[in-house]
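# Notes for the structure review
One-letter residues, chain by chain:
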Amino acid sequence: FTVDLASTTFAYERSFGRAPDRADQFSQPAAVEYDTNGNVFILDRIGHRVKKYDPEGRFVKEWGKRGEGRIGYATTLVIENFNGEERILVVDWTTKVYDLDGQYLDTVTMPNDIKATDIALGADGSWFVVDDHETMTLNKLSSDMSVLEWSTTGPTDQNLQNPGSVAIGING
């Protein structure tokens, strides 16, 4: 699989928000995802919220600033499928779970003092969790949060120096 960017034409379509003085604008956009219906979800890290836009780019709603499921200084946002339902996972050392309408559902606490900074879910239900705050590791967890594998840190070729993010390949 290769992408030839030299022969690819990109066309400007639209932009979202410019300054944090209105509900549809941002303080520090940190991550963007979209659901199967084409809705766009943007994590506003400094604004401590997720903003939802419809497929045409119209602001729908925001959540995460107050109450149960309040978002701290989150680092990423991921949309994953759980038992046929799309869920939004917001990572701010813990992982907060919301439905696509922003309803807070749960908080997943990582084992072994892992402070999650990025996550990806494997096809088998396992979680790949980056911690670049405390343990400086990439961890593979089972769906019940048992540690299956982990990397180590240190100045060797096999160890991670400052893991920033994780992604799962197209085949899981």
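Residues numbered from 1 in each chain as written. Predicted model: local features only at pLDDT ≥ 70, side-chain atom pairs only at ≥ 80, totals over all residues. Heavy atoms only, no water.

### Brief notes about the overall build of the protein
Secondary structure assignment for the protein yields 0 helices and 12 strands. Across the protein, helices and strands are ordered from the amino to the carboxyl terminus as β-β-β-β-β-β-β-β-β-β-β-β. Going through the 172 residues of the protein one by one, you find that 41% of them count as buried. Of all intrachain contacts in the protein linking residues separated by at least 6 positions in sequence, the fraction that spans at least 24 positions is 34%. Here the protein has roughly 10300 Å² of accessible surface; of this, 47% comes from carbon and sulfur atoms. (Helix = DSSP H or I, 4+ residues; strand = E, 2+ residues; numbered from the N terminus. Buried < 20%, exposed > 50% of the residue type's maximum accessible area, 1.4 Å probe, protein only. Contact = heavy atoms within 4.5 Å. Areas by Shrake-Rupley, 256 points an atom, 1.4 Å probe, with all protein chains shown as cover.)

### Observations regarding unusual backbone geometry
The residue H48 is not glycine, and still its phi comes out positive at about 55°. Structurally, H48 can be placed in the loop between β2 (40-44) and β3 (49-53). The buried category is assigned to H48, whose relative accessible area is 14%.

### Some thoughts on the environment of R45
Tracing the chain through its elements places R45 in the loop between β2 and β3. Taking C-alpha positions, R45 is 8.8 Å from F26, a pair spaced 19 residues apart along the chain. Every residue in contact with R45, bar those within four places of it in the chain, is listed here: Q28, A30, G72, Y73, A74 and T75.

### Let's talk about the pairing of strand β9 (residues 118-121)
Both faces of β9 are covered, namely the face carrying D118 and A120 and the face carrying I119 and L121. Note that β9 and strand β10 (residues 127-131) share 4 bridges and pair antiparallel. Bridge pairing links L121 to W127 in β10. Hairpin geometry of β9 and β10 is characterised by an intervening segment of 5 residues between the two adjacent antiparallel strands and by a positive phi of about 90° at G125. (Pairing = 2+ DSSP bridges.)

### Quick word on the side chain of R49
With respect to the helices and strands, the residue R49 is situated in strand β3. For R49, a relative accessible area of 8% puts it in the buried group. In contact with R49, not counting residues within four places along its chain, are Q25, S27, I42, L43, D44, E62, W63, G64, K65 and I71.

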